[in-house]
Amino acid sequence: MLLCKIIAFQVDNLKLTYTSNKQSNTIKIGTIENNLVPNIINNLTIDDTIKFSFQIVDYGAVPEQIALLVGLPDRDLEIPIKPTLKVKDNSILALFKLSLKDIPKSILYFAHNEEKPISGTLIVASSEVGKNDYIFTKTFEMNLDYDTFAFDSFKEPIRYEPLPEIRHIFPSPPKTVSPFLAKIFVGIIILAGFGLLFIWVSFGVIKFDNIATGLNLIYLLGFIISIIGFELVFLRYYLGTSIFETINTSSLLGIFGLVIGTKYLRSIGNNI
Amino acid sequence: MAANTSSANFIKTSTNATNKKSNSIWNDFQDVYRVSMKSYWDALDKYPKLKLIDIFCLFLVIIGVIQFAFLCLIRDNFPFNAFLSGFIICVGQFALLISFRMQYLNPFPGIPKNRAFGEFIVASLILHFICLHFIN
Amino acid sequence: MNKGVTSMNDDENELFKNNFKKFMLLLESNGYNYTLYDIQSSNNRNSNDIQLTKVDNSLYDNVIIFPILKASLKKGSSASENKSILSSKNLLSFFNNYNGNLMIITSPHINNADSLINLLNEFGIFPSPKNQIVKDLFQNKDTLLVSSSNLLNKYVYSVDNDTVYFNLGESSVARLDNREQLVPILKSSKTSFIDTTQDKNFEPWVTGSQGYLITGFQGVNNNARLVWVGSTNLIDESAHDINKNLVENLVNWNFNAKSVIKTLKSRHYHANTKLTYDELNYKINDVIRYEIDITEWDGSQWIPFTAEDIQFELRQVDPYYRINLTRILDNETNNNTFARYTTNNFKLPNRHGMFKFLTEYKRNGLSTIKDEDIKAIRHLAYDEYPRSWEITNSWVYLTANIVVISLFITFVILFLTNTNVTTVKKNN
């Protein structure tokens, strides 16, 4: 039976050193416990580095898990930083060094998009110590100056998701003129028609003194009726009768009109 | 009688014109215009039926111009087929009338006047059908 | 349903008699008949005896591969590498061409067979090498306990109320590619790590929540599924009571008995007259309605499938329409085995040509559906345009026509009834 000695360790002497504008600033955090309020560092550029160090006192062996997770914990997007360890007597000095240019583009991209700080979470655990002594806490948060970082080449990974709705935009139908204006011009044209009749009357060319007599009158009437008939057939075609119906009646009317017409025109000879 | 006096006047004015050699082109043009107008009115007097034809032609031009003015007013030839149909019926009817008038005054060899009239009517009917079809 | 399963393993059959017995019973109780093949035994050294497929048909629907040593697939078998049943080419063909489902279990204690690792790498799953074992001291020092809050896909398995801790024992962890067909099922927690204090000669494969303990893969065109599990402890006797629900749902998802959807029928017709395309062809600017029936298999029967984000596309080359489908709930589709979705009325674009009526639904964890129909949409016929009396502009030109025609008629009448005698106005 193995006797387990319950050993506790204490993480002490936390120091956070960061460079900003080529100046080195140090924050002493001291002892650490869980639920520590993270220190916020602002305006870091791509050339800066962060050094995070602490001491584990009263403890001999190296804990199995010492890691600093840097990234966005809500998104589960973090990279681990390995520490360099120095063992001295009973204490261990752990040092993490992070150059900001090593932060992967995905973390920069999402931190910039969601406007969230990049946090550093410290985990220290060992299988020979009780769970209450484990350390798992956010130690610092960084707000970067994203203009100095280059992450334009990062593209978000494609995932299955619904795409935006598209509704086809129809071209607007052609604009037609207002009926009022159209009616005015219709009136003008009809007026011109009546004007023609009026001028004909005023020039004295309406006399009706050459109406044919007897058989020729019938021929004349037939001729005029066939012409009017043709125009009516054409009007019926415009209003929707099929072309075949139109051709049928036109051919019948045509035969009739041609016969009557030639008879009439022959009768008047060159006196037209 | 009246014709003799008018021709005498004509000879008088022409001799006057030839005397002035340094006359400008404008005067020549005025003379030509006067001569052609005179022959026109004389023809009209001889064949009054030409009045029917000429006034009809004039009003066809007027109706064509009205349609074109409508087009220019609204700056849109939207049913272009309709505009063409209305315009072509005026222009076509005008052309057919003029060709009949030509044959009326000086008949073509081998085509008597009444046959010209018959052809004019047939051609006009075809034109009307086409224009009604084209305006849809 | 007779679902054949073959399991291939490398360990002695005692393992199957002891540790995996409850797992095999679980398979049987879910309706899977299985056959056990042992690669190691001398009978099967010539692995030509095991056939997964025969000519055009597959002999089995699903294959579970237990951890196999690299060594047992090498010079021992007289068959050449490519013909071996466990070659990655063979398994890939089983997955792609015969729609066979695969479950691959690897162990962190052995050098896993190359062909299996190559196959997994092809799918974008990169398991950790030998002896890299994940530990999470914050849960348990001796064995890996993973909280159910690390479950990633509700279509595979999700726990509603209390968190359960799954016992994965000693497990390897995998890195994943960024493909959308991968279905990560269980990720490792933030506090997990790979212990390098004993042997400092290797870099840990992955640390924290970037590693995955159970991953799936959904084939897109063939609806076959693959699952990789990093530890045999998941299915072991000792952890059976804790892991049972996860294993059962995992196996059912893997073997296409869960989260499987299917389209039954789709139809489209004119919105006002309800005539289909065959009865009255579509022309441009017609108002159309599209409907599709989708059903889901819940393990024992088909039930209606409900979702809010199914989309319908009307495409020629690019989509002209992408419409979210809404579900119809009426007497015909209530209490039925499917759910009917409709686009409501939409107007066909004023472009003629061949159009594709397409509904495609791909989501992580669900099987994919694709329903497409290609139809020709014609332009207006010569008599379907508006008539001139309907257009106000053309009233003017129409009256010009009519006026000229009537003037022509009066002209003819007057011309034929006049004489050429002039009424000479005698002035003097």
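Residues numbered from 1 in each chain as written. Chains lettered and ligands numbered in written order. Predicted model: local features only at pLDDT ≥ 70, side-chain atom pairs only at ≥ 80, totals over all residues. Heavy atoms only, no water.

## Quick word on the overall build of chain B
Thinking step 1. Within chain B one finds 5 helices and 0 strands.
Thinking step 2. Counting from the amino terminus, helix and strand elements in chain B follow one another as α-α-α-α-α.
Thinking step 3. Looking at chain B as a whole, 37% of its 136 residues are labelled buried.
Thinking step 4. When contacts within chain B are restricted to residue pairs at least 6 apart in sequence, those whose partners lie at least 24 apart make up 64%.
Thinking step 5. Summed over all atoms, the accessible surface of chain B reaches about 7,900 Å², with 69% contributed by carbon and sulfur. (Helix = DSSP H or I, 4+ residues; strand = E, 2+ residues; numbered from the N terminus. Buried < 20%, exposed > 50% of the residue type's maximum accessible area, 1.4 Å probe, protein only. Contact = heavy atoms within 4.5 Å. Areas by Shrake-Rupley, 256 points an atom, 1.4 Å probe, with all protein chains shown as cover.)

## Some details on the overall build of chain C
Thinking step 1. Scanning chain C for helices and strands turns up 6 helices and 25 strands.
Thinking step 2. Across the 428 residues of chain C, 53% fall into the buried class.
Thinking step 3. The long-range fraction of contacts in chain C, counting pairs at least 24 apart against all pairs at least 6 apart in sequence, stands at 72%.
Thinking step 4. When the accessible surface of chain C is split by element, carbon and sulfur atoms take 45% of a total near 19,400 Å².

## So, the pattern of salt bridges
Thinking step 1. All told, the structure shown has 25 salt bridges over all chains when counted by the stated rule.
Thinking step 2. As a salt-bridge pair, A:Asp76 and C:Lys187 come within 3.1 Å of each other at their nearest N and O atoms. Here the residue A:Asp76 occupies a position in the loop between β5 (65-72) and β6 (77-81), and C:Lys187 occupies one in strand β12 (residues 182-187), the pair thus bridging two chains. When sorted by exposure, A:Asp76 lands in the same class as C:Lys187, which is buried.
Thinking step 3. Taking the shortest distance from any N to any O, the salt bridge between B:Arg34 and B:Asp31 comes out at 3.3 Å. (Salt bridge = Lys/Arg side-chain N within 4 Å of Asp/Glu carboxyl O.)

## Some points on the UniProt feature "transmembrane region" (unreviewed entry) in chain B
Thinking step 1. Following the UniProt record, one finds the feature "transmembrane region" (unreviewed entry) at residues 52-70, 82-104 and 116-135 of chain B.
Thinking step 2. Counted over residues 82-104 of chain B, helix gives 100% and strand 0%. Its end C-alpha atoms are 33 Å apart. (UniProt positions renumbered as here; feature names shortened; annotations may be inferred.)

## Some points on the interface of chain C and chain B
Thinking step 1. Counting from both sides, the interface comprises 26 residues of chain C and, opposite them, 37 residues of chain B.
Thinking step 2. Carbon and sulfur atoms supply 76% of the area buried between chain C and chain B, which totals about 2,800 Å² over both sides.
Thinking step 3. Our count for the chain C to chain B interface comes out at 0 salt bridges.
Thinking step 4. Counting the contacts that link chain C with chain B gives 5 residue pairs in polar contact (both at pLDDT 80 or more).
Thinking step 5. Of the residues that constitute the side of chain C that touches chain B, the class distribution is 17 nonpolar, 8 polar and 1 charged. (Buried area = accessible area lost by both parts, 1.4 Å probe. Polar contact = N/O pair within 3.5 Å; in protein donor to acceptor, adjacent residues only side chain to side chain. Nonpolar A, V, L, I, M, F, W, Y, C, P; charged D, E, K, R; others polar.)

## What about the UniProt feature "transmembrane region" (unreviewed entry) in chain C?
Thinking step 1. UniProt records the feature "transmembrane region" (unreviewed entry) for residues 395-416 of chain C in the present numbering.
Thinking step 2. Between the end C-alpha atoms of residues 395-416 of chain C there is a gap of 32 Å, over a span that is 100% helix and 0% strand.

## Topic: the pairing of strand β10 (residues 135-144) of chain A
Residue and element names in this part refer to chain A.
Thinking step 1. Across the 10 residues of β10, 7 count as buried, placing the element largely inside the fold.
Thinking step 2. When strand β3 (residues 39-44) meets β10, the two strands line up parallel, connected through 5 bridges. By the bridge assignment for β10, Asn 42 is matched with Asn 143. (Pairing = 2+ DSSP bridges.)

## Focus: the sheet that holds strand β9 (residues 118-125) of chain A
In any sheet, the strands associate via hydrogen bonds between backbone groups, in a parallel or an antiparallel arrangement.
Residues and elements named next belong to chain A.
Thinking step 1. Strand order in the open sheet made by the 5 strands is β3-β10-β9-β5-β6, with mixed pairing throughout. With partners counted over all chains shown, the strands left at the sheet margins are β3 and β6, one partner each. Between one strand axis and the next, the sheet turns through 25° on average, direction left out of account.
Thinking step 2. Pairing geometry for β5 and β9, over 7 bridges, is antiparallel. Looking across to β9, one finds that Ile 66 is bridged to Val 124. (Axes fitted to C-alpha atoms, helices over the stretch in contact; angles between N-to-C directions.)

## Topic: the packing of aromatic side chains
Thinking step 1. Summed over the entire model, instances satisfying the criterion amount to 53 aromatic pairs over all chains.
Thinking step 2. Their ring planes at 70° and their centres at 5.6 Å tell us that B:Phe83 and C:Tyr397 sit as a pair that is edge-to-face. Taken together, the positions of B:Phe83 in helix α4 (residues 80-105) and C:Tyr397 in helix α6 (residues 393-416) put the pair across two chains.
Thinking step 3. When the centroid spacing of 5.4 Å and the interplanar angle of 35° are considered together, the rings of C:Phe411 and C:Phe415 count as tilted. (Phe/Tyr/Trp six-rings, centres within 6.5 Å; stacked < 30°, edge-to-face > 60°.)

## Side note on helix α2 (residues 179-202) of chain A
Thinking step 1. Look at α2(A): 34 Å from first C-alpha to last across 24 residues, which is about the 34 Å you get at 1.5 Å a residue.
Thinking step 2. Restricting attention to buried positions, one finds in α2(A) the residues A:Ala182, A:Phe185, A:Val186, A:Ile189, A:Ala192, A:Gly193, A:Leu196 and A:Trp200.
Thinking step 3. Buried-residue contacts for α2(A) involve α3 (49-74) of chain B together with α6 of chain C.
Thinking step 4. Just downstream of α2(A) lies A:Gly204, where phi reads positive at about 75°. (Expected span 1.5 Å × (residues − 1).)

## Some thoughts on the packing of helix α2 (residues 21-29) of chain C against helix α5 (residues 240-254) of chain C
Residues and elements named next belong to chain C.
Thinking step 1. Packing of α2 against α5 leaves a shortest axis separation of 11 Å and a crossing angle of 40°. On the basis of their axis angle, the class for α2 and α5 is oblique. Crossing of α2 over α5 shows right-handed handedness. Side by side, α2 and α5 meet where Lys 22, Phe 23, Leu 26 and Leu 27 of the first sit next to His 240, Lys 244, Val 247, Glu 248 and Val 251 of the second. (Parallel < 35°, antiparallel > 145°, perpendicular 65-115°, else oblique. Left-handed = near helix turned anticlockwise from the far one by under 90°.)

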